[in-house]
Amino acid sequence: MNRPSRLASAVVLALLALAPPAAFAQPLERTSAPAHTQAQAPKLASTEAPRASFDLNAPSTVLRAEARAAAERRDWAEALARFEWLVRRHGDDVELLIESARVHGYADRNAEAAALYRRALALSPERRADLAPSLAWQSLWGGAPAQAEVLFAELADARTGRARVEALDGLAQALQAQGRQALALQVFREAHALAPGDLRLHRRYAMSLLWNGDEAGAIGELEALVARVPGDRDLAWALANARNFNGQHRAALRGFLAQAAPTHPGERADLARAWRWAGYEDRAWPLLADPTDVESAWLRDYRVRRELRPFGYATAEHAEDRDELVTDALVVGAGWHPDAGSTVELQARRLRMDDPHGRPRSTQFQAAYGWRLGEPGGRHGSWWPTVAVRAAHFPGWNPVAASARLRWLPDDGWRVDAEAGREFVEVPRAVAHRVHVDVLSAGIERRPDPQWVLAGSLATLRFDDGSTRVRAGGRVERRIWARPHVAVGAEFNAFERSDGGGPVDRGYWNPQRYREGRIYAVMIHEIRPLDFRLRVGAGSARETDAWGQRSHGRPHLWELGVGLDLAPDVRLELSAGGSGQGMGLASGSSSGAGYWRRYASLTARVWF
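Draft legend 1. Molecular detail of the overall build of the protein chain. When helices and strands are tallied, the protein chain shows 17 helices and 18 strands. By the burial criterion, 43% of the 608 residues in the protein chain qualify as buried. Looking at the protein chain alone, contacts between residues at least 24 apart form 54% of all its contacts between residues at least 6 apart. Accessible surface for the protein chain amounts to roughly 29,500 Å². Of this, 58% is attributable to carbon and sulfur atoms.

Listed below in C-alpha cells is the structure:
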C-alpha cells in the first residue's frame, strides 16, 4: 500500500493531537457473542504486540512525534511502545494519557485504553463530560460491560439528541454482552425510535429482536433494511441468518449461497448452522474448521462431528404398569456412515418380561440402513428413507420382521413421515400366542412459524388374528417463550377396531374403540453441558371394550429427559416418565382404579 500524502498525514496527526475525546465516542461496527450472532472478525492488531526498540533517553518531544508518526502509518507496535514509555515518564500529563488511550483504542487494545481514560479522569474529574463517552466504549470493547453499562446509563440520562441515541446504543450493547437480552431490546427499541434512519442501529435492533425469539419481527426489520440498501452484503447475510433461526432453512441457504463466499469464521459458522439444520452435516463440517467463538466450537465438536463419526451406545430400560408387568431390556448398538448422508446401524437387544402370566425372555438383532436423497433447494426437497430387518428369539418362536420408514422435508415448515412394518407385541401372554401386528402409518407436521406446530397422523394396525384398528391423532402447540423454550399444546389420539378379533383375549389390549385428549406444557432448555426436556399433561380418555362395556380414565403424564455431554465423544442420557392414574407415581400393584405405567432408561453414547 502507498504511503499517505503529506496532507493526509497532517490531518491524522492533528486529529490524534487535538480532537476531543467525544469525537471517538461514535461506536465502531462491532459484533457480540450470543448464539444468533456472527463471530467477531479478527482484531486489527495483536493485543500482545512486540515491544519495539528505541532510544529510551530521547527527549519526550521527539518520542511523542515518533509515536504520532507511527500511529499515522498504523504501526501500532512502534507507536504503543513509545506512548507507554512516555506515560511512565509523565504519568500525570492528562493530555498524554488521553492521546495514548486513543491510540490504544485504534490498535484494538481496548482494556488498556479504558485504564488510561480512567487515569485521566481521576486526574481531571472536571472533564468527565468529555471523557466518559470514550471510557464507556473502550470499557465495553475491553470486556467490562458492567462498567460500561453504568457509564452509558449516566450518559443517556444526561444527554439529548444524537448524543443520547449513541449512549442508548452503547447501553443496549453492554446489556447484550451481559446476557440481558430482553432489557437490551427495550433500549434498542427506544434508540431506534429516536434515530430510525441510522442503519447500523437499525440492524442491531433487528438482531436484538432475533436474539429475543422474535424471528418474524427481525425478518421484517431486516427486509426493510435490505430494501433501503439493496446492495449491502452484510444486511443480506443477516437476513438469511434470521430466516435460518425462523425455521426457513431452505430460504436461508438460498440467501447465503446467493452471496459471495463467507469472509470470516463467523459467517462460515452461520452457513454451517444452516446446512446442519437442513440435515446436511457433511457440508457443515468443512465450514467449522477454525471456529473463533465458543458457540461455533460447540456446534462443531458436540453436534456436527457426532453425525459424521462411527458411534456406539448402550441402553438400560425398565418399565412397570398396573397389570404387574415388569419389563427390563438391555440394548447395545453401533453404526457408521459409509457415505455422506447414509448410516448403517447394528443393534442387539436382550428383553426380560415378568408378570403373573409368565416370564419370557427374548434376544433380538436388528440391522438398519438409512440414506439421504435430494437437495434442500431442489424442487422436491430432501428425503431420508430407512429400511431395517429384525430377528427375534422367544421361547419356541423365532420371528423375522422388516420395516421401512421415510422422512420427507418438501419445503420450509413442512415435514412428512411414513412407516410400514411388522411389530411383535411384547406382553407375556401375547408372546405365548405369537401375536404380531402389521403397521402402516403416515403423519404430517406444519410449522407456519416458530410459534406454532400443527400435526396430524393416520395409521392402520392389522393383527395376525385379523383384528384391525384405524388410528388417528393430532396435535396443536404454541410456543410462549423462546429461551428457555416453553410451549403449551393440546393433543388427541383415537382408534376404532374396524374388523375381526371379536372378544377373544389373546393377551394384548384390544378394545372396540378408544378416545383420548390431553392438554400439556413442555419446557426445553440447555445449560451446557446439560440439556433437559420436561413435559407434563392432564388428560381424559373413554374406552369401549370388546364386550361393549364403557369406562373412563385419566391419562395424565409426565416425561423428563436429561442429557449430559461429558466430552465431545461421550454423552449420557436419562429419561423417565409416568402416565395414567396418579401420573404413574402410584404405589402398589393392582389396587385402586385406573391404569398406570412408569418407565426409566439410561443411555451412554460414544463416538470414535
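Following the structure, the description resumes.
Draft legend 2. Structural view of the side chain of Glu477. As for its placement among the helices and strands, Glu477 is situated in strand 11 (residues 468–481). Taking relative accessible area as the criterion, Glu477 reaches 11% and is therefore assigned buried. Side-chain polar atoms of Glu477 contact the side chain of Tyr520, separated by 2.6 Å. Beyond its immediate chain neighbours, meaning those up to four positions away, Glu477 contacts Gln451, Trp452, Val453, His485, Ala487, Val488, Gly489, Tyr520 and Val522.

Draft legend 3. Geometry of the pattern of salt bridges. If you walk through the whole model with that rule in mind, you get 51 salt bridges. Close ionic contact of Arg475 with Glu445 constitutes a salt bridge, the shortest N to O distance being 3.2 Å. Residue Arg475 is found in strand 11, and its partner Glu445 is found in strand 9 (residues 436–449); the two are separated by 30 residues along the sequence. Glu559 is the salt-bridge partner of Arg535, the closest N and O atoms lying 3.5 Å from each other. With Arg535 in strand 14 (residues 530–544) and Glu559 in strand 16 (residues 557–567), this pair connects stretches of sequence that are 24 residues apart.

Draft legend 4. Just the environment of Glu281, in detail. Tracing the sequence through the fold places Glu281 in helix 15 (residues 281–284). According to the relative accessible area criterion, Glu281 is buried, its value standing at 14%. As a C-alpha pair, Glu281 and Gly341 span 60 residues in sequence and 8.0 Å in three-dimensional space. Setting aside residues no more than four positions away along its own chain, Glu281 makes contact with Trp275, Arg276, Val304, Glu307 and Leu308. Looking at Glu281, its side chain comes within polar contact range of the side chain of Arg276, at 3.4 Å.

Draft legend 5. Quick look at the pairing of strand 13 (residues 513–527). Relative to strand 13, strand 12 (residues 485–499) runs antiparallel, the two sharing twelve bridges. Paired with Glu496 across the strands is Arg513, a residue of strand 13. Here strand 13 runs beside strand 14; their pairing, made up of 15 bridges, is antiparallel. Each bridged residue has a counterpart across the sheet, and for Glu516 the counterpart in strand 14 is Ala541. Between strand 13 and strand 14, which follow one another and run antiparallel, lie two residues.

Draft legend 6. Main features of the environment of Pro262. Summarising the element assignment, Pro262 is placed in the loop between helix 13 (249–257) and helix 14 (265–277). A relative accessible area of 22% means that Pro262 is categorised as partly exposed. Contacts of Pro262, omitting those with residues within four sequence positions, involve Arg233, Trp237, Glu267, Arg268 and Leu271.

The rules we used
Residues numbered from 1 in each chain as written. Predicted model: local features only at pLDDT ≥ 70, side-chain atom pairs only at ≥ 80, totals over all residues. Heavy atoms only, no water. Helix = DSSP H or I, 4+ residues; strand = E, 2+ residues; numbered from the N terminus. Buried < 20%, exposed > 50% of the residue type's maximum accessible area, 1.4 Å probe, protein only. Contact = heavy atoms within 4.5 Å. Areas by Shrake-Rupley, 256 points an atom, 1.4 Å probe, with all protein chains shown as cover. Polar contact = N/O pair within 3.5 Å; in protein donor to acceptor, adjacent residues only side chain to side chain. Salt bridge = Lys/Arg side-chain N within 4 Å of Asp/Glu carboxyl O. Pairing = 2+ DSSP bridges.

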